[in-house]
Amino acid sequence: MTDYTSSMEQLPNVDVWMIHRDLARAPRYTLPAGYRMRGYRDGDVATWVRIQQAAETFFVPTAQTFADSMPGDTDYLAARVLFLVDPAGEDIGTITAWNDAEFDGQDMGRIHWVAMVPAAQGRSLAKPMLSAALDALRARGYNAAWLWTGTGRIAALNLYLSFGFLPHPRDDAEREAWRAVAPELRYPLIF
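Everything numeric in this text was worked out from a predicted model, so none of it was measured. (Residues numbered from 1 in each chain as written. Predicted model: local features only at pLDDT ≥ 70, side-chain atom pairs only at ≥ 80, totals over all residues. Heavy atoms only, no water.)

Participant: Which residues make up the environment of Ala24, and what are the values?
Facilitator: Turning to its location among the elements, Ala24 is positioned in the loop between β1 (15–20) and β2 (36–39). Sequence spacing of Ala24 and Asn13 is eleven residues, and the spatial spacing of their C-alpha atoms is 30 Å. (Helix = DSSP H or I, 4+ residues; strand = E, 2+ residues; numbered from the N terminus.)

Participant: An account of the pairing of strand β3 (residues 81–85) is requested, with residue identities and associated values reported.
Facilitator: Most of β3 is tucked away, with five of its five residues classed as buried. The pairing of β2 with β3 spans four bridges and is antiparallel. Residue Arg36 lies in a different strand from β3, and its bridge partner there is Val85. Here β3 folds back onto strand β4 (residues 91–103), and the loop between the two strands holds five residues, one of which, Gly89, carries a positive phi near 90°. (Buried < 20%, exposed > 50% of the residue type's maximum accessible area, 1.4 Å probe, protein only. Pairing = 2+ DSSP bridges.)

Participant: Describe the packing of aromatic side chains, and please don't skip the residues or the numbers.
Facilitator: Evaluated as defined, the whole model comprises ten aromatic pairs. Geometrically, the ring pair formed by Tyr29 and Phe163 is tilted, given 5.6 Å between the ring centres and 50° between the ring planes. A residue pair is termed long-range when its members are at least 10 positions apart, and Tyr29 in the loop between β1 and β2 and Phe163 in the loop between α6 (154–162) and β7 (166–167) qualify at 134 residues. A residue is classified by how much of its surface remains accessible, and Tyr29, at 31% relative accessible area, is partly exposed. A relative accessible area of 1% means that Phe163 is categorised as buried. Note on Tyr160 and Phe165: the rings are 5.9 Å apart at their centroids and 65° apart in plane angle, and the pair reads as edge-to-face. Note on Tyr160: relative accessible area 6%, which makes it buried. Lying across the ring of Tyr76, Arg80 places its NZ or CZ 3.6 Å from the centre. (Phe/Tyr/Trp six-rings, centres within 6.5 Å; stacked < 30°, edge-to-face > 60°. Lys NZ or Arg CZ within 6 Å of the ring centre and 35° of its normal.)

Participant: An account of the sheet that holds β4 is needed here, citing residue identities and associated values.
Facilitator: Reading across from one edge, β2-β3-β4-β5-β6-β1-β7 is the order of the seven strands in this open sheet, with mixed pairing throughout. Only two strands of the sheet have a single partner each, and these edge strands are β2 and β7. Two elements, β4 and strand β5 (residues 106–116), share eight bridges in a ladder whose sense is antiparallel. For Trp98, the partnering residue across the bridge sits in β5 and is Arg110. Contacts from helix α5 (residues 126–139) reach β2, β3, β4, β5 and β6 (145–150) within the one sheet, and its direction differs from that of β5 by about 155°. Running at roughly 160° to β6, α6 makes contact with β1, β5, β6 and β7 of the sheet. (Contact = heavy atoms within 4.5 Å. Axes fitted to C-alpha atoms, helices over the stretch in contact; angles between N-to-C directions.)

Pasting the structure below:
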């Protein structure tokens, strides 16, 4: 693998889609002792914004970002918007097990808005958090899921590839973006 910092400065962050066509084949990870997942509660928009803003390097998520991206009442959101809670009771991560028909018009599971505060990154928590979201999708009857991310998010790309998500380039520009970032990835690209 090449040096992440120097080589990525030369590559643009291109939005790309990924798909997992058989969630039953995704690996399973459990949270370390003391950590837990919880669903959305009234007032959690501020928690979501705090986590997203701490983790996001390409733009500034706001309460309006949440409202535009994830409409619904508290009960609807509680089944979809998940928070990772550390042993001290602090919300340190968030992931959304959404679903929509945005992927080629199919109602499909969607992994959406994944973030973890920087102090919690690198502690092997992302895999169990993603497992929890995939479990939530499977519990609602989804066998497949998709997501979009950016080629500037190497850790996220490696996480999704390790779970069996595959690139789903929609055009030549996305195919080229995947080829450009391939040397930075720990997994071979199949598309």
